[in-house]
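Take a look at the letters that make up each chain.
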Amino acid sequence: MNTRPFGPDRRLVSEVGLGTWQIGGSWGTVDEKTAMEILAAAAEEGITFFDTADVYGDGRSEQFIGKFLRMHADNLFVATKLGRGSNPGWPGNFTRENIIKHTEASLKRLGLERLNLTQLHCIPREVLAEGAVFDTLRELKKQGKIEHFGASVETVEEGLLCLEQEGIASLQVIFNIFRQKPISELFAKAKEKQVSIIARVPLASGLLTGKMQKTTTFDASDHRNFNRDGASFNVGETFAGVPFEKGVELAEELSLLKPEGMTLAQMALRWILDFDAVTVVIPGASRPSQVRANASISKLPPLSSDLHAKIQAFYESKVAQHIRGPY
């Protein structure tokens, strides 16, 4: 597993991480045994970056990671998020008192004295712009409760706002072949400030595996069922904001570009890692075999410049017009 430097202190983390939304909830049911097997498979593959959030299963994902950490004292980097929990919910989550309370709760569930990274979790633009939330994060860092802080954002504009904040270590953005806007408007500024990019939704909720059909169905508890049109949260978090049926068509067409011997998922993940502004990509998994397949991307060579040009043209001519939600 190759590593890349994270944030201003340049600590090395695996370039392929593990997103743990699946083991928390909203992706169908993943039981505890499977969740622990997923975490173990990640560690075995050299994955050192685990991304979670307090809202994933109302703390369930953090609890599983905490249990795993007690059994495996390896050099793991745990990134969590706060701001979308239901206690007390919006807008109460953004007060100094509640940010501290949510941080303490994450520390307890994870069994840690200090968080490697906490991230504001897609909170309102006006709250980011006002800036008091960052003052509280700087205070928590000074107290030793967090090592780094960052923000998970929905739009390039929000990302640029966050980059003006002193001490920010990372930005988590939706970035995949179907969502290429950050390349031209965010990456250079992030590199200039030594702010790491964490790429989420890298496979467009599974569309970019090439394994879905228009007739594919999802469990009632799966966000790919209940949020495919943005009924519960930003539509961009589900299928990258592309309507499902159109996304299936686009994935089928895109698969014609994949190099011989490479799956569509491998091409999609390798494409992300070819951008040096990206520190880590965080595909999720609902079973250990998916973790191993994702980790293998680190061993693949970069895609050719010719293929990159074709993928960019494909996005501009075929995909961009179909993206919904703030971007």
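Structural data are supplied above this passage.
The text that follows walks through the structure, step by step, so that each part is easy to find.

Calculation notes
Residues numbered from 1 in each chain as written. Predicted model: local features only at pLDDT ≥ 70, side-chain atom pairs only at ≥ 80, totals over all residues. Heavy atoms only, no water. Helix = DSSP H or I, 4+ residues; strand = E, 2+ residues; numbered from the N terminus. Rg over C-alpha atoms; globule rule 2.2 N^0.38 Å. Buried < 20%, exposed > 50% of the residue type's maximum accessible area, 1.4 Å probe, protein only. Contact = heavy atoms within 4.5 Å. Areas by Shrake-Rupley, 256 points an atom, 1.4 Å probe, with all protein chains shown as cover. Disulfide = S-S within 2.5 Å. Pairing = 2+ DSSP bridges. Right-handed = clockwise from strand over helix to strand, strands pointing away. Phe/Tyr/Trp six-rings, centres within 6.5 Å; stacked < 30°, edge-to-face > 60°. Lys NZ or Arg CZ within 6 Å of the ring centre and 35° of its normal. Expected span 1.5 Å × (residues − 1). Lys, Arg positive; Asp, Glu negative; His and termini not counted. Salt bridge = Lys/Arg side-chain N within 4 Å of Asp/Glu carboxyl O. Core = buried A, V, L, I, M, F, W, Y, C linked by side-chain atoms within 4.5 Å. Axes fitted to C-alpha atoms, helices over the stretch in contact; angles between N-to-C directions.

Turning our eyes to something else, we now look at the overall build of the protein chain. Scanning the protein chain from terminus to terminus reveals 14 helices and 10 strands. Taking 2.2 N^0.38 as the reference for a compact globule, 327 residues should give roughly 20 Å; the C-alpha atoms of the protein chain span a radius of gyration of 18 Å, in line with that estimate. By its C-alpha atoms, the protein chain is 50 × 40 × 40 Å across when sized along the principal axes. When burial is assessed residue by residue, the protein chain has 57% of its 327 residues classed as buried. Sequence separation of 24 or more characterises 76% of the internal contacts of the protein chain that already satisfy a separation of 6 or more. When the accessible surface of the protein chain is summed, it comes to about 13,500 Å², and 49% of that surface belongs to carbon and sulfur atoms.

So, about the state of the cysteines. Per the stated rule, a full pass over the model turns up 0 disulfides. A disulfide-free cysteine, C122 has its sulfur positioned 10 Å from the sulfur of C162, the nearest such atom.

Extensive coverage of strand β5 (residues 77–82) is indicated by the burial of 6 of its 6 residues. By the alternation rule, side chains of β5 split into F77, A79 and K81 and V78, T80 and L82, which are all buried. Strand direction decides the pairing type here: β5 and strand β6 (residues 115–121), joined by 4 bridges, are parallel. When the bridges of β6 are listed, L82 appears paired with L120. Taking the sense of rotation as the criterion, the β-α-β connection linking β5, helix α4 (residues 96–110) and β6 turns out right-handed.

Enumeration over the complete set of coordinates arrives at 17 aromatic pairs. Relative to F275, the ring of F187 has its centre 6.2 Å away and its plane inclined at 65°; by these criteria the two rings are edge-to-face. Placement of the pair is F187 in helix α9 (residues 187–192) and F275 in the loop between α12 (264–273) and β10 (278–281), with a sequence separation of 88 residues. The buried category is assigned to F187, whose relative accessible area is 5%. Linked through ring pairs, W21, Y56, F226 and F233 together constitute an aromatic cluster. Over the face of the ring belonging to Y327 we find R179, whose NZ or CZ atom lies 4.2 Å from the ring centre. Its guanidinium or amino end placed over the ring of Y327, K181 lies 5.3 Å from that ring's centre, counting from NZ or CZ.

Before going further, it helps to spend a moment on α4. Helix length check: α4, at 15 residues, gives a terminal C-alpha distance of 21 Å against a target of 21 Å (1.5 Å per residue), a fit within 8%. Of the residues trailing α4, G111 is marked for its positive phi of about 70°.

As a further point, take the side chain of D54. Positionally, D54 belongs in the loop between β4 (49–51) and α3 (60–71). One buried charged side chain, D54, makes no salt bridge at all; its nearest oppositely charged neighbour is R109, positioned 4.8 Å away. Leave out the neighbours within four places in its chain, and D54 touches G59, E62, T80, K81, L82, G83, G85, H102, S106 and R109.

The next thing to look at is the nonpolar core. Within the largest apolar cluster, 90 residues are counted, with the highest numbers of intra-cluster contacts made by L171 and F178. Here the element with the most residues in this core is α12; it accounts for 8 residues. Grouped together as the second largest cluster of nonpolar side chains are 10 residues, V13, F49, A79 and L117 included.

In this section: the pattern of salt bridges. Taken as a whole, this structure holds 21 salt bridges when the rule is applied. Residue R270 is joined to D274 by a salt bridge in which the shortest nitrogen-to-oxygen separation is 2.9 Å. Taking the relative accessible area as the measure of exposure, R270 reaches 6% and is therefore buried. Assessed through its relative accessible area of 22%, D274 is described here as partly exposed. Counted as one network, the salt bridges with shared partners bring together E154, R200 and E237.

The next point concerns the sheet that holds β10. Taken in spatial order, the 8 strands line up as β3-β4-β5-β6-β7-β8-β9-β10 in an open sheet, and their pairing is parallel. In this open sheet, the two strands that pair with only one neighbour each are β3 (18–19) and β10. Of the strands in this sheet, β5, β6 and β7 (146–152) are in contact with α4, which crosses β5 at around 145°.

What follows deals with unusual backbone geometry. Residue P88 is bonded to the preceding N87 through a cis peptide linkage, with omega at 5°. With respect to the helices and strands, P88 occurs in the loop between β5 and α4. Note that the residue after W90, namely P91, is joined by a cis bond; omega there is -5°. Its location among the elements puts P91 in the loop between β5 and α4. At R10, a residue that is not glycine, the phi angle is positive and equals roughly 60°. Looking at where R10 falls in the secondary structure, it is placed in the loop between β1 (3–6) and β2 (11–14). Despite not being glycine, C122 shows a phi value in the positive range, around 50°. Structurally, C122 can be placed in the loop between β6 and α5 (125–130).

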